[in-house]
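Chain residues, written in single-letter form:
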Amino acid sequence: MKGEKVPHVPTHKEQAVMRLHSYSTLQQAGWVRRGTNTYVDRASVDQTVLDHLPGNECIGAAHYDTFLIAAGAQAIGSAPGVRFENTVDINHWKAAIGNGEFGFNLRKSALHHQKDMSLWTFPLFYQGLKKDRLHAMIEDGDVDASQLSTLQDLIDEALVIESDDDYRLSILGEVFMGHIVRLLKKEEGQKVIDEYIHEGFKIGEAIHSGVINSDNTANNRQNVTERI
């Protein structure tokens, strides 16, 4: 700012190095991971409180058989085979509830079985993935050979640490956790993520071209994508 110059957009490598520096510094200082990008100071939070932190603020459900009630606008709920996303606009949500409706936005909900979700959600949860859960998914045919091969590649690259009981991200793995989630999905699941990223580009283009305003309403993908 003092030099009146706009810094260059950081490269992917620069972003990765900054994230790695941040995560390693926090852990060296005694902070522990309790969410997708949430770290807690172990010295200032009682262990009994730490033990009850659910561990994630972005996806909610870690397993296919999880029941999670979505309460309020923008909340996300789940039941086996279904992921519900409530409408983001609080006034629309209140109106729906007032009319005795559920307040879902079905266009942004996933209404198909994702029995392999324990595999690709584990990078987002500090608890990792228990081996007995993975073995159960393998026995039921919920994960395919490509997913298992990808998991082994991640272990070989030191992004995932394998212990006797579970799989967890290394510190370097935490830097690339979002990318790892995508890689561990089946091909059709990867396409969904790619479409979500493409949707973000479309929103940016719409702002640049003046189709939508560059204000907080642009963060509401539910309404914005219908307009563009």
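Keep in mind the model is a prediction, meaning the values are calculated, not measured. (Residues numbered from 1 in each chain as written. Predicted model: local features only at pLDDT ≥ 70, side-chain atom pairs only at ≥ 80, totals over all residues. Heavy atoms only, no water.)

Peer 1: Tell me about the sheet that holds strand β5 (residues 129-130), and please be specific about residues and values.
Peer 2: Pairing is antiparallel in the open sheet, where 3 strands are placed in the order β5-β7-β6. Every interior strand has two partners, whereas the edge strands, β5 and β6 (160-162), have only one. Pairing of β5 with strand β7 (residues 166-169), which is carried by 2 bridges, proceeds in the antiparallel orientation. From the neighbouring strand, K130 faces β7, where its bridge partner is D166. (Pairing = 2+ DSSP bridges. Helix = DSSP H or I, 4+ residues; strand = E, 2+ residues; numbered from the N terminus.)

Peer 1: Outline a nonpolar patch on the surface, supporting the account with residue identities and numerical values.
Peer 2: Residues F102, F104, L106 and L111 make up a contiguous nonpolar surface patch of roughly 440 Å² in combined accessible area. Take L106: it is sitting in the loop between α3 (90-98) and α4 (117-121). (Patch = residues over 30% accessible without salt bridge, like charges linked within 9 Å, V, L, I, M, F, W, Y side chains within 5 Å. Areas by Shrake-Rupley, 256 points an atom, 1.4 Å probe, with all protein chains shown as cover. Salt bridge = Lys/Arg side-chain N within 4 Å of Asp/Glu carboxyl O.)

Peer 1: Hey, could you go over unusual backbone geometry for me, with residue numbers and the actual values?
Peer 2: Glycine aside, residues mostly have negative phi angles, and peptide bonds mostly take the trans form. At E4, a position not held by glycine, the phi torsion is positive, near 55°. Within the element layout of this structure, E4 appears in the segment before α1 (12-28).

Peer 1: I'd like to hear about the pairing of β7, residue by residue, with values.
Peer 2: Both β6 and β7 contribute to a ladder of 3 bridges, which runs antiparallel. Residue E162 lies in a different strand from β7, and its bridge partner there is Y167. Hairpin remark: β6 followed by β7, antiparallel, with 3 residues in the connecting loop.

Peer 1: Hey, could you go over the side chain of D41 for me, with residue numbers and the actual values?
Peer 2: Tracing the chain through its elements places D41 in strand β2 (residues 39-41). Although buried, D41 forms no salt bridge, and the nearest oppositely charged side chain, R42, lies 7.3 Å from it. (Buried < 20%, exposed > 50% of the residue type's maximum accessible area, 1.4 Å probe, protein only. Lys, Arg positive; Asp, Glu negative; His and termini not counted.)

Peer 1: Got a sec to walk through the environment of L129? Specific residues and values, please.
Peer 2: Summarising the element assignment, L129 is placed in strand β5. Note on L129: relative accessible area 1%, which makes it buried. In this structure, L129 is in contact with S118, L119, F122, L134, D165, D166 and Y167, ignoring residues within four places of it in sequence. (Contact = heavy atoms within 4.5 Å.)

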